[in-house]
Structure formats: C-alpha cells, structure tokens
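These are the residues of each chain, in order.
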Amino acid sequence: DDTDVGTGTSLLDGSDRRLKRNLLSLSGALERVKQLNGVYYHWITDVPADINIGARDGRRKLGLIAQDVADVLPEVVSEIGGKNKYLGVDYKSLVAVLIESIKEMDARVEQLEADVASLREAADWSNCWTELTKWIEYEKEKKEKKKKKK
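Right, let's walk through the structure included here. (Residues numbered from 1 in each chain as written. Predicted model: local features only at pLDDT ≥ 70, side-chain atom pairs only at ≥ 80, totals over all residues. Heavy atoms only, no water.)

Details of the pattern of salt bridges
Next up, step 1: One pass over the structure, following the stated rule, counts nine salt bridges.
Next up, step 2: Its salt-bridge partner being Asp57, residue Lys61 comes within 3.0 Å of it at the nearest N-O pair.
Next up, step 3: Where Lys134 meets Glu131, a salt bridge forms, and the shortest distance between an N and an O atom there is 3.6 Å. You can see Lys134 and its partner Glu131 sitting in helix 3 (residues 91-149), three residues apart, about one turn around the helix.
Next up, step 4: For Glu131, a relative accessible area of 47% gives the class partly exposed.
Next up, step 5: Salt bridges sharing common partners tie together Glu31, Lys34 and Arg108. (Salt bridge = Lys/Arg side-chain N within 4 Å of Asp/Glu carboxyl O. Helix = DSSP H or I, 4+ residues; strand = E, 2+ residues; numbered from the N terminus. Buried < 20%, exposed > 50% of the residue type's maximum accessible area, 1.4 Å probe, protein only.)

Dropping the structure here:
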C-alpha cells in the first residue's frame, strides 16, 4: 500500500514516461540550487486553516521562502489559500533539480581529480628532472676531481 498512515494520502505520484510529453533535460541545476537559501522558521499563529502547513505544533521548521524560490524555479511555486493568494512550494519537484545538481557537481569533482592527477604527474617529472640535474652535477664534479688528481 502506498498510503501515508498519518495523512491518508498517496506517497506516490504518477511519473511514467507514457504520461509525459515535451521532455527537456534540466541544465544549470547547480547554479539554480546555489541561489536557494534554506531557512529555519516558525509558522505565524493564525495561518488560515485551508493552508496545508503540516503539523501545527509550534515547533521550529526548516524550508525555503516561496517568493525566493519563484525567482529561481517558478515551476515549483504555486498560489494557494483562496482569496489571500499565498504561495506554496512543491518540494517534491525540487528533487529532480537536486539530482541534476549533484550530477553536475560530480562531473566537476571528476575533472578536478583528473587535473590533480595530471599536476601530480607533472610534479613527479619535475622531481625527476631535479634529481637528474643533481646527478649530472655530481658526475661533473667527480670528473673534475679526477682531472685535478692527475
């Protein structure tokens, strides 16, 4: 059963490819995520009853500010609450953006790791060159000493 015991609502959303059209890959996800700011907050005490804010228990919450999210990802922000037209965030839709931003970050990390490996290799060659130069100098000095003895 895919029903949340606490709310009686479905935990699954339709996501079958056959139900979708005009598919476009997300790009620039990491830059968008970097523009979002997570905040701690408390709900005001007189939130209208028709607005879903989860548990009305007075505890500190964490989330995003819908107006700020709308500037970055307007697709996940909608009007809610009848006449007052408050804004709500579809947090489940943020998952796709977060996944793509992680992939972008992973690609950056892989490139940085490759760059570091190249730099290490170059540094190893540099050390070899330094050691070779020292050895050549040592051999020259040995030759010079032999000449002086003769």
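Structural notes on unusual backbone geometry
Next up, step 1: Of note, Asn22 is a non-glycine position whose phi angle comes to about 55°, a positive value.
Next up, step 2: Looking at the element boundaries, Asn22 is found in the segment before helix 1 (29-35).
Next up, step 3: Take Asn22: its relative accessible area is 65%, and that puts it in the exposed class.

Considering the layout of surface pockets
Next up, step 1: Put simply, the largest pocket is a space of about 940 Å³.
Next up, step 2: Looking at the largest pocket, it is lined by 29 residues, and the ones nearest its centre are Trp43, Asn52, Ile53, Leu87 and Gly88.
Next up, step 3: Counting residues per element, the ones that place at least two in the lining of the largest pocket are helix 2 (66-72), strand 3 (77-80), strand 4 (86-89) and helix 3.
Next up, step 4: In terms of residues, the lining of the largest pocket owes the most to one element, strand 4, which gives four residues.
Next up, step 5: Classifying every residue of the lining of the largest pocket by side-chain character gives 17 nonpolar, seven polar and five charged.
Next up, step 6: Considered as a void within the structure, the second largest pocket measures approximately 420 Å³ in volume.
Next up, step 7: Taken together, 14 residues line the second largest pocket, and the ones lying closest to its centre are Gly14, Ser15, Lys20, Leu23 and Ser93.
Next up, step 8: When the residues that make up the lining of the second largest pocket are grouped by side-chain class, the tally is four nonpolar, five polar and five charged. (1 Å grid on protein atoms, 1.4 Å probe; cavity = no way out; pocket = protein on both sides within 12 Å on 5 of 7 lines; lining within 4 Å. Points joined across faces, edges and corners; volume = space filled by probe spheres on them. Nonpolar A, V, L, I, M, F, W, Y, C, P; charged D, E, K, R; others polar.)

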